[in-house]
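Here is what each chain is made of, one letter per residue.
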Amino acid sequence: MPDGVAVVGASGYGGAVAAAILRRHPSLELTAVTARSDAGRRHDELYPRYRVAMTLEEFDADAIAERARAAIVAYPHGAAAPAVKALRERGLKVVDLSADFRLDRERYERWYTQHEAPELLDEAVYGLTEAHREEIRGADLVAAPGCYSTAALLALWPLREHLDDVVVDAKSGVSGAGREATQTTHFVSVSENVQAYKVEGHRHAAELEQELPEETRFTFVPHLVPIEQGLLASCYVTTKLERDAVLDLYRGAYEDEPFIDLADEPPGTDDVRETNRCRIHVSVVGGRVIVLAAIDNLWKGAAGQAVQDLNLMLGHPETEGLE
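Procedures and definitions
- Residues numbered from 1 in each chain as written.
- Predicted model: local features only at pLDDT ≥ 70, side-chain atom pairs only at ≥ 80, totals over all residues.
- Heavy atoms only, no water.
- Helix = DSSP H or I, 4+ residues; strand = E, 2+ residues; numbered from the N terminus.
- Contact = heavy atoms within 4.5 Å.
- Buried < 20%, exposed > 50% of the residue type's maximum accessible area, 1.4 Å probe, protein only.
- Pairing = 2+ DSSP bridges.
- Salt bridge = Lys/Arg side-chain N within 4 Å of Asp/Glu carboxyl O.
- Core = buried A, V, L, I, M, F, W, Y, C linked by side-chain atoms within 4.5 Å.
- 1 Å grid on protein atoms, 1.4 Å probe; cavity = no way out; pocket = protein on both sides within 12 Å on 5 of 7 lines; lining within 4 Å.
- Points joined across faces, edges and corners; volume = space filled by probe spheres on them.
- Disulfide = S-S within 2.5 Å.

**Q** Explain the side chain of E257 here, please?
**A** Inspection of the secondary structure puts E257 in the loop between α11 (243-254) and β11 (260-262). Apart from the residues within four sequence positions on either side, E257 is in contact with E130 and R133.

**Q** I would appreciate a short explanation of the pairing of strand β7 (residues 165-172) in the present structure.
**A** When a strand is regular, its side chains alternate between the sheet's two faces. A large share of β7 lies buried, amounting to 6 of its 8 residues. Inspection of the sheet shows β7 paired to strand β9 (residues 217-224) by 8 bridges, in the parallel sense. When the bridges of β9 are listed, D169 appears paired with V221. Pairing of β7 with strand β10 (residues 231-238), which is carried by 8 bridges, proceeds in the antiparallel orientation. Looking at the pairing, A170 lines up with A233 of β10.

**Q** Mind showing me how you'd approach the pattern of salt bridges here?
**A** With the rule as written, the count across this model stands at 30 salt bridges. Here D38 makes a salt bridge to R41, at a shortest N to O gap of 3.3 Å. By relative accessible area, D38 is classed as buried at 7%. For R41, a relative accessible area of 36% corresponds to the partly exposed category. A salt bridge links R243 to D244, with the shortest nitrogen-to-oxygen separation between them at 3.7 Å. Owing to a relative accessible area of 48%, R243 belongs among the partly exposed residues under this scheme. Where salt bridges share partners, they join D104, E106, R107, R110 and E209 into one cluster.

**Q** Would you mind showing me how to read the sheet that holds strand β8 (residues 195-196) here?
**A** Think of a sheet as strands paired side by side through backbone hydrogen bonds, with each pair either parallel or antiparallel. Reading across the sheet, the 7 strands line up as β8-β9-β7-β10-β13-β12-β11 and stay open at both edges, with mixed pairing between neighbours. Where the open sheet ends on each side, the last strands, each with one partner, are β8 and β11. Note that β11 and strand β12 (residues 278-285) share 3 bridges and pair parallel. Residue pairing for β12: L262 is matched across the bridge by I280.

**Q** For this particular structure, what's the right way to read the nonpolar core?
**A** In globular proteins that are soluble, nonpolar side chains generally tend to be buried together. Counting residues in each nonpolar core, the largest one holds 41 residues, and the members touching the most others are V7, L22, L30, V33, I72, V95 and L310. Among the elements of the structure, β1 (3-8), α1 (13-23), β2 (28-34), β3 (70-73) and α12 (299-313) are those that each provide at least two residues to this core. Leaving out residues up to four positions away in the same chain, L30 has contacts with V5, V7, A19, L22, R23, V52 and M54. Within the second largest apolar cluster, 36 residues are counted, among which are A151, A155, Y254 and A293.

**Q** Just checking my understanding: could you explain the layout of surface pockets for this structure?
**A** With a probe scaled to a water molecule rolled over the atoms, the places where space remains empty come into view. As a volume, the second largest pocket reaches approximately 220 Å³. Only α11 and β12 provide two or more residues apiece to the lining of the second largest pocket. Top contributing element to the lining of the second largest pocket by residue count: β12, with 5 residues.

**Q** Is there a simple way to explain the state of the cysteines in this structure?
**A** Note on terminology: a disulfide is the covalent bond linking the sulfur atoms of two cysteines. All told, the structure shown has 0 disulfides when counted by the stated rule. For C147, which is in no disulfide, the shortest distance to another cysteine sulfur is to C278 and amounts to 12 Å. Classification of C147 as buried rests on a relative accessible area of 9%. Looking at the unpaired C278, the closest cysteine sulfur is the one in C235, lying at 9.7 Å.

Right under this line is the structure:
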């Protein structure tokens, strides 16, 4: 019998994609979709192309617990923690798409705000599957990484013990800002325009700081580009390793990873759109290692990775429902 799963916050971009993936998952059954301002509307009216023929409900932890073994929570940071707490108190396994459980308390409160459920931080596992697979497999609460940090960390992970200095130049489609932010952004500010933002400190840098070795020096600059979805991280690395050693590290780390493609040519965002894949190209130019990583920010950068984590947590094949 399929495991019941709820999507809490299914009216946002990430939650909507999670609902769409779960709707056709062979071993997981989508049993509830909730929303805040859109409660009462049908999901397939809000997002016709995802064909989720369910009515968005108000969040009710008791009602969800009657129908689901697990949940994906897709609320913004701050709002997610109380919902996650309520679901965990009722015994559900949870994957949270917000930042609320990605960081230790000091980092979270430095970059975000006061934490609403700090007692759960010790049980949370950072959900970058390729780095923390076995921890995720045994977890009850997983924090899905941010989209920028997913691409950057996958690009850098095989080199993490050999990084002297790193520059991460990352470009994301407008859906990365979320549905509410996108609806309030005027079209002319994003069309025919590429713009860096939060140059002095984007919050996803906190995840790089936490996951990479403490001595790593890195600079992270995000850019908004005029596409709907997709993300490309261009990483420029100074290391003492020679070219062949670098390439061997990537082959050894990723040749058996189901969602990592090592590409002979630089990847584009269209190569991975609406897939859970990360396409990586590695080269050495002028004494620097250049690593390019392309993902779909709503899939591998959010909902797809959350389902990948959930598969492991519930004992299903990691790739199920994602290929």
